[in-house]
Amino acid sequence: MAHQITEQCSNTTVTDAVKGLLSSYQTIYNATYTYSDQIVQFIDWAGMSLNNNGHVYYIGMDSLGVMGIIDASECPPTYGATLEDIRGFVTGGYHSYGNREGSLVHLGEPFNLSAEHFKEDMIDNLTTYDTVIFLLREEDLHKLHENIPKIAESVLKHTNQFGAIFFQETEDKDHVDKQSTLSHFKHHISVELPWRQIQQQTAPIFHIEPKDEQVKHFSTFLIEMSLKWILNSVSTGGHILIGKVYKNFMIDVRVSNNKLYHRAIGIIKQFAECSYDEAKTALLKSIYSSDTVPDNDNLVTSQHINKATSMDKVVPTALVMAVINCSIEEARKVLQEFTVVSKALQSIKQTGNHGKQTDPLKQ
């Protein structure tokens, strides 16, 4: 978007255009987090869901639905979450998603992105601990005006954790139909972004009428960005509440690519207070479920990653092994006792078990 806009500007206005873009981003950022107190409710719901083997479901139309899918897709590699923990759905499924490969439903249930699938096949299987969050713009609210009460009735039979993130785009925020529809949610956030201020900041960019297609696309982009920050807060906060974050580090990353492989070694090195080679050794022992390190001369990093990608708790297991210098079996016993990884580490630190080859559960 920024590249397209600056291409249309003359050399003398490129600087002003970039400044306008950056100012509008800052404005959206500031406006989004004025709703922090209301976002907290969704974070609490997400934490409760994830801590009780429940799920978080985002339901949206068009690009807002895609934002939900993107946020959900980031959770497995970042937090070691399953594909079922947090899922996104978009009206129209893969047709709306527009990915190059087309439908991926054949890969399994977690790959069904259709909001219609959620409505028809999943609502009746919701549990008390599931969270359902609708992602809505004004036009979506109008389209779903008659359907939301019916959906609400179905969802609320199973869970009270039913909410909406709604983007207010016109000034009639007290319109009876809007408030009536939103009242069906147990909690909702009505996000009102400062469009007049943004219009002033982007004046050097758009020398056209406010209703031009380009302006509409840019406005949609800003809404998507705001929503992504909110959803980031929900998924990150939820995983923090179940102990997936320790001292601001995401310690249960899934070792699924080169970046996360080296990040995992860094996490082990830092919290076990050991050398790089010791951290790498602990990681490889965890990956290969062995107390001996495989012959590295015959294996390359990509092979380690391929082996680790489908495995759970690779980094936590390696971390416990490195911290207390124990066997892989002993490390797994610790993690069975303390299902929340951060609590396992806190317990180990408190017992002063660092570097001892003893069973931490007998301390």
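Structure: above.
Small disclaimer: the values here were computed from a predicted structure and weren't measured.

Any chance you could explain the sheet that holds strand β2 (residues 86-90) here in plain terms?
Strands pair in a sheet through their backbones, by hydrogen bonds, and they do so in one of two ways: parallel or antiparallel. One open sheet holds the 5 strands; their spatial order is β2-β1-β3-β4-β5, and the pairing between them is parallel. At either end of the open sheet lies a strand with only one pairing partner, and these are β2 and β5 (187-192). Averaged over all neighbouring strand pairs, the angle between strand axes comes to 15 degrees, with direction disregarded. Contacts from helix α3 (residues 36-51) reach β1 (56-60), β2, β3 (131-137), β4 (162-168) and β5, with the element oriented near 140 degrees to β5.

Sorry if this is basic, but what is going on with the side chain of aspartate 130 here?
Topologically, aspartate 130 is positioned in the loop between α7 (115-122) and β3. Among buried charged residues, aspartate 130 stands out as having no salt bridge; its nearest opposite-charge side chain is arginine 87, 10 Å away. For aspartate 130, the side chain forms a polar contact with the main-chain nitrogen of threonine 127, separated by 2.8 Å. With residues near it in sequence (within four places) discarded, aspartate 130 still touches Ser49, Gly54, His55, Tyr57, Asn125, Thr159 and Gln161.

What's the story with the pairing of β5 in this structure? I'm lost.
For a regular strand, the rule is simple: side chains alternate between the two faces of the sheet. Burial along β5 is one-sided: His187, Ile189 and Val191 are buried, while His188, Ser190 and Glu192, pointing the other way, are not. Taken together, the 6 bridges between β4 and β5 define a ladder with parallel strand orientation. Bridged to glycine 163 within β5 is histidine 187.

Got a minute to help me understand the pairing of β3 in this structure?
Counted residue by residue, β3 has 7 buried out of 7 residues, so it is predominantly covered. The alternating pattern of β3 places Thr131, Ile133, Leu135 and Arg137 on one face and Val132, Phe134 and Leu136 on the opposite face, and all of these are buried.

Cut-off values and rules
Residues numbered from 1 in each chain as written. Predicted model: local features only at pLDDT ≥ 70, side-chain atom pairs only at ≥ 80, totals over all residues. Heavy atoms only, no water. Pairing = 2+ DSSP bridges. Helix = DSSP H or I, 4+ residues; strand = E, 2+ residues; numbered from the N terminus. Axes fitted to C-alpha atoms, helices over the stretch in contact; angles between N-to-C directions. Contact = heavy atoms within 4.5 Å. Buried < 20%, exposed > 50% of the residue type's maximum accessible area, 1.4 Å probe, protein only. Lys, Arg positive; Asp, Glu negative; His and termini not counted. Salt bridge = Lys/Arg side-chain N within 4 Å of Asp/Glu carboxyl O. Polar contact = N/O pair within 3.5 Å; in protein donor to acceptor, adjacent residues only side chain to side chain.

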